[in-house]
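Residue strings, one per chain:
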Amino acid sequence: MSAERVARTLVGVLAGMALGVVELAFLCLALPMSVTPVTRAAAGRIAAGLTALERARLAAWLDHDTERAGGYGFLTARAVTGVLGGYVCAATLFLSGLFLFGGLLGLMSGPSNPVRLELPGVRLAVDGRALGLTGGVILLALAVLAVIAVGAVDRRLAGHFLGPDRQERMRRRIAELTATRSGIVRAVDDERRRIERDLHDGVQQRGVALAMLLGRARHSSDQDRTAELLRQAYTEARQLLDELRGVAWRIYPTALDELGLHAALAGVAERSGVPVTVHYGLAERPVSEIETALYFVAREAITNAVKHAAAHDILVVLTEDERTVSVEISDDGEGGADLSGGGLSGLARRVLALDGKFAVHSPRGGPTRVSATLPRVAPCD
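Just so it is clear, the model here is predicted, and its values are computed rather than measured. (Residues numbered from 1 in each chain as written. Predicted model: local features only at pLDDT ≥ 70, side-chain atom pairs only at ≥ 80, totals over all residues. Heavy atoms only, no water.)

*Asks:* How would you summarise the overall build of the protein chain if you had to cite specific residues and measurements?
*Replies:* In terms of regular secondary structure, the protein chain is built from 10 helices and seven strands. A buried classification covers 33% of the 381 residues belonging to the protein chain. Pairs at least 24 apart in sequence give 71% of the contacts found in the protein chain among residues at least 6 apart. When the accessible surface of the protein chain is summed, it comes to about 22100 Å², and 62% of that surface belongs to carbon and sulfur atoms. (Helix = DSSP H or I, 4+ residues; strand = E, 2+ residues; numbered from the N terminus. Buried < 20%, exposed > 50% of the residue type's maximum accessible area, 1.4 Å probe, protein only. Contact = heavy atoms within 4.5 Å. Areas by Shrake-Rupley, 256 points an atom, 1.4 Å probe, with all protein chains shown as cover.)

Right, here's the structure in full:
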C-alpha cells in the first residue's frame with residue numbers, strides 16, 4: 001500500500017473515531033427517544049444522517065462507495081469499531097511520535113550517556129537516542145499496520161451492512177456478463193438445433209413425399225391414377241407450405257415487427273389449441289430487444305402449457321412501471337414445469353442476457369406461473 005493511501009486511510013480512521021464517539025452517544029439516547037412516535041421518527045432521521053456521513057467518509061477516504069442505507073446494527077458495529085480502532089491507531093501514533101521526537105532531540109543535543117540495562121547474567125549499555133529512534137520506528141510500523149487493519153474492518157462492515165463497493169460490483173457484473181454471454185450462445189445453439197429438427201422432421205419429409213407423388217404421377221399411364229396422384233401432391237404441397245409458414249413463424253413472426261407485441265400475442269392466442277386471454281397493459285411499444293424477449297417468453301410458456309400441462313385456460317398479463325416491463329403467464333394445467341428443461345432454460349438465458357429476471361412457479365398439480373421482468377431499455381442502449 002502506498003504512503004498516500006495509508007495517509008488517506010489514517011484520516012478516514014481518525015474521522016471514523018470522531019463519528020464513533022457521536023454514534024455511541026446517539027445510541028445511548030436512541031432507546032429513550034423511541035418512547036413516542038415523534039421522537040422515534042427523529043431518532044430515525046438522526047440515524048439516517050449518521051449513516052450518510054459514514055458513507056461519505058467511506059467514499060472520500062477509504063475508497064468504498066456504497067448505495068444501500070444502513071441501520072442501528074451498522075451504527076452499533078461502527079461505533080465500537082471506530083472508537084476502539086481509532087484509539088489504538090491514535091495512541092500508537094502518539095507514542096511513536098514521542099519516541100522519535102526524543103531520539104531526534106537527543107541527536108541534536110550532542111553526545112549522551114548510554115542507558116545501562118542489567119539482565120540476569122547480562123549487562124548492556126545502549127545509546128538512549130538509538131533506543132528511542134528504534135522504538136519510534138517499531139511503533140510507527142505498528143501504527144501503520146493498525147491503520148490498515150482498521151480500514152479493512154471498516155470496509156468489511158460497510159460491505160456487510162451497506163452492500164459491496166464499486167469494484168466488487170464491477171467484478172460481479174463482469175462475472176454476470178460472462179455467464180449470460182455463454183448462456184445466450186447456448187440458447188442460440190439450442191434454437192438452431194430446434195430449427196434444423198423442424199426442417200428435417202417436417203418440411204424435408206413432406207418435400208420428399210411431394211417429389212415421390214409427382215414422380216409416380218409422371219410415370220403413370222392411367223389417367224385416373226395420375227389425377228389421384230396429382231390431387232395428393234396438391235394436398236401435400238399445401239401442407240408443405242403450412243409447415244414452412246409454421247417454421248418461419250416459430251423463428252420470428254413478421255407481425256412482431258409490423259404490428260407490435262400486442263398483435264403478435266393475439267396471433268399466438270389464435271393459433272393455440274386452448275383459450276388464451278391477453279391483458280396488455282403497456283402504454284407504448286418496448287424497444288426491439290425487450291419486445292422480442294417478452295414475445296418469446298409468452299409464446300414458449302403458452303406452447304408448454306398446451307403440449308405438456310394439459311391446460312384448459314391460459315392467462316397472459318403484461319404490466320409496466322417506470323423502470324421495467326413484465327409478463328406473467330399462468331395456466332390451470334398439471335404443473336411440474338422444469339426450469340432446467342430446454343425451452344425454459346433457453347428463455348431464462350435470453351432474459352438474463354438483457355439484465356432481466358426470470359421465474360417459474362409450477363408445483364405438481366398446478367397451477368403454473370411463468371414470469372419475466374426486463375428493464376425498459378436494453379443494456380446495450
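Let us keep going from here.
*Asks:* Hey, could you go over the side chain of Glu 291 for me, with residue numbers and the actual values?
*Replies:* Relative to the assigned elements, Glu 291 resides in helix 9 (residues 288-307). Relative accessible area serves as the criterion here: at 3%, Glu 291 is assigned to the buried category. Ignoring anything within four residues of it in the chain, the contact list for Glu 291 reads Leu 256, Gly 260, Leu 261, Arg 285 and Pro 286.

*Asks:* An account of helix 2 (residues 37-61) is requested, with residue identities and associated values reported.
*Replies:* In this model helix 2 runs 36 Å from its N-terminal to its C-terminal C-alpha over 25 residues, within 8% of the 36 Å that 1.5 Å per residue would give. Following helix 2 by one or two positions, Asp 63 adopts a phi angle in the positive range, close to 55°. (Expected span 1.5 Å × (residues − 1).)

*Asks:* Explain unusual backbone geometry to me, and be specific about the residues and the numbers.
*Replies:* The omega angle of the peptide bond from Gly 366 to Pro 367 is -5°, so this bond is cis rather than trans. With respect to the element layout, Pro 367 can be found in the loop between strand 6 (357-361) and strand 7 (368-375). Of note, the phi angle at Ala 310 is positive, near 50°, even though the residue is not glycine. With respect to the helices and strands, the residue Ala 310 is situated in the loop between helix 9 and strand 4 (314-320).

*Asks:* For the environment of Asp 65, give the residues involved together with the corresponding values.
*Replies:* Here Asp 65 is to be found in the loop between helix 2 and helix 3 (72-108). Judged by its relative accessible area of 27%, Asp 65 is partly exposed. Sequence separation between Asp 65 and Gly 159 is 94 residues, and the spatial gap between their C-alpha atoms is 9.7 Å.

*Asks:* Can you explain a nonpolar patch on the surface? Please cite residues and give values.
*Replies:* Among the surface-exposed residues, Phe 94, Leu 95, Leu 98 and Phe 99 lie close enough to one another that they form a single nonpolar patch of about 390 Å² accessible area. Structurally, Leu 98 can be placed in helix 3. (Patch = residues over 30% accessible without salt bridge, like charges linked within 9 Å, V, L, I, M, F, W, Y side chains within 5 Å. Salt bridge = Lys/Arg side-chain N within 4 Å of Asp/Glu carboxyl O.)

*Asks:* Go over the packing of aromatic side chains, please, and point to the residues and values.
*Replies:* Within this structure, the stated rule accounts for three aromatic pairs. Where Phe 74 meets Phe 161, the ring centres are 6.0 Å apart and the plane angle is 55°; that geometry is what we call tilted. Taken together, the residues span a long stretch of sequence, with Phe 74 in helix 3 and Phe 161 in helix 4 (residues 128-162) at a distance of 87 residues. According to the relative accessible area criterion, Phe 74 is buried, its value standing at 1%. Here Tyr 295 and Phe 296 contribute two aromatic rings whose centre-to-centre distance is 5.3 Å and whose plane-to-plane angle is 75°, an arrangement assigned as edge-to-face. We note that Tyr 295, like Phe 296, is buried. The ring of Phe 296 is capped by Arg 350, whose NZ or CZ atom sits 4.6 Å from the centre of that ring. (Phe/Tyr/Trp six-rings, centres within 6.5 Å; stacked < 30°, edge-to-face > 60°. Lys NZ or Arg CZ within 6 Å of the ring centre and 35° of its normal.)

*Asks:* Break down the pairing of strand 5 (residues 324-331) for me, citing the residues and quoting the values.
*Replies:* Burial of strand 5 is extensive: six of the eight residues sit out of reach of the surface. Pairing between strand 4 and strand 5: seven bridges, direction antiparallel. Looking at the pairing, Leu 315 lines up with Ser 330 of strand 5. The turn joining strand 4 and strand 5, which pair antiparallel and follow one another in sequence, is formed by three residues. Of the strand pairs in this sheet, strand 5 and strand 7 are connected by eight bridges, and their pairing is antiparallel. Among the inter-strand pairings, Asp 331 is bridged to a residue of strand 7, identified as Thr 368. (Pairing = 2+ DSSP bridges.)

*Asks:* So what's going on with the pairing of strand 3 (residues 276-280)? Which residues, and what values?
*Replies:* Bridging between strand 3 and strand 4 involves five bridges; their strand directions are parallel. Across the sheet, residue His 279 finds its bridge partner in strand 4, namely Val 317. The handedness of the strand 3 to strand 4 crossover, carried by helix 9, is left-handed. (Right-handed = clockwise from strand over helix to strand, strands pointing away.)

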